[in-house]
Amino acid sequence: MTLPWPLRSVAAGTVGTATMTLAYAMERRLRRRRAPGPLDYDDGLVPGQIVAGIMHLPHVTAVEEEELGLLLRWSYGSVFGLWHGTLRRHVGEPWASVAFGATLMSATFSLFPLLGRTPPPWRWPGDVLGTSLGTHVAYVLGVAVADDAARRR
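Let me sum up the structure you'll find in this document. Just so we're clear, the structure is a prediction, and the values are computed from it rather than from any experiment. (Residues numbered from 1 in each chain as written. Predicted model: local features only at pLDDT ≥ 70, side-chain atom pairs only at ≥ 80, totals over all residues. Heavy atoms only, no water.)

Tracing the backbone shows Asp 40 in the loop between α1 (5-30) and α2 (46-54). Here Asp 40 occupies a buried position and makes no salt bridge, while the nearest side chain of opposite charge, Arg 73, is found at 6.0 Å. A distance of 2.8 Å separates a polar atom in the side chain of Asp 40 from a polar atom in the side chain of Tyr 24. When residues no more than four places from it in sequence are discounted, the contact partners of Asp 40 are Tyr 24, Val 128, Thr 131, Ser 132 and Thr 135. (Helix = DSSP H or I, 4+ residues; strand = E, 2+ residues; numbered from the N terminus. Buried < 20%, exposed > 50% of the residue type's maximum accessible area, 1.4 Å probe, protein only. Lys, Arg positive; Asp, Glu negative; His and termini not counted. Salt bridge = Lys/Arg side-chain N within 4 Å of Asp/Glu carboxyl O. Polar contact = N/O pair within 3.5 Å; in protein donor to acceptor, adjacent residues only side chain to side chain. Contact = heavy atoms within 4.5 Å.)

Here it is as structure tokens:
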């Protein structure tokens, strides 16, 4: 039995989010000498600050910002799989994943400075930019592989 494409896409988005989370964990292990803290803006408090700002939540603590950020990552990451599913229905691979990744990075590079008060991406430190690109590539690949695997069943 094949899942309907919207359910398959949300499931693929969830796999992609897990892949992204694993990519962060792997990078932390590989870069042990790095100072503790977030590896990039997506890994820090910025997503939680964005949610708190949009929802006009007063007096949000750092712990609450971290929790809001995780909630955003898992919900947004899962539901954003619908965009890949929509693209996949109209365009074959690898173009669906290229367009999906381009949309994702465009959103990251524009929304973080606009809503999260980060510097524009051309002013991000090299390691932060590299981490952002690498973890988002991991997310896109996780979504695409999971979606293809579910399609073949």
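On the surface, Ile 54, Met 55, Leu 57, Leu 111, Leu 114 and Leu 115 cluster together to form a nonpolar patch covering roughly 570 Å² of accessible area. If one sorts the elements of the nonpolar patch by residue count, helix α5 (residues 95-115) sits on top with three residues. Locating Leu 114 in the fold gives a position in helix α5. (Patch = residues over 30% accessible without salt bridge, like charges linked within 9 Å, V, L, I, M, F, W, Y side chains within 5 Å. Areas by Shrake-Rupley, 256 points an atom, 1.4 Å probe, with all protein chains shown as cover.)

Between its terminal C-alpha atoms α1 stretches 36 Å, which fits the 38 Å expected from 26 residues at 1.5 Å a residue. Listed in full, the buried residues belonging to α1 are Arg 8, Ser 9, Ala 12, Gly 13, Gly 16, Thr 17, Met 20, Ala 23, Tyr 24 and Glu 27. The secondary structure elements touched by the buried residues of α1 are α3 (62-79), α4 (81-90) and α6 (126-152). (Expected span 1.5 Å × (residues − 1).)

Two quantities define a packed helix pair, namely the angle between the axes and the distance from one axis to the other. At a closest axis distance of 10 Å, the pairing of α5 and α6 adopts a crossing angle of 140°. The way α5 lies across α6 gives a crossing that is right-handed. Between α5 and α6, the contacting residues are Ser 97, Phe 100, Gly 101, Leu 104, Met 105, Thr 108 and Phe 109 on the first element and Leu 129, Ser 132, Leu 133, His 136, Tyr 139, Val 140, Val 143 and Ala 144 on the second. (Axes fitted to C-alpha atoms, helices over the stretch in contact; angles between N-to-C directions. Left-handed = near helix turned anticlockwise from the far one by under 90°.)

This paragraph deals with the packing of aromatic side chains. Applying the stated criterion across every chain, the model contains five aromatic pairs. Ring geometry for Phe 109 versus Trp 124: centroids 5.5 Å apart, planes at 80°, classification edge-to-face. In this pair, Phe 109 sits in helix α5 while Trp 124 sits in the loop between α5 and α6, placing the two residues 15 residues apart along the sequence. Taken together through their ring pairs, the aromatic side chains of Tyr 76, Phe 80, Phe 100 and Tyr 139 make up a single cluster. (Phe/Tyr/Trp six-rings, centres within 6.5 Å; stacked < 30°, edge-to-face > 60°.)

In short, shape yes, function no, at least from these values alone.
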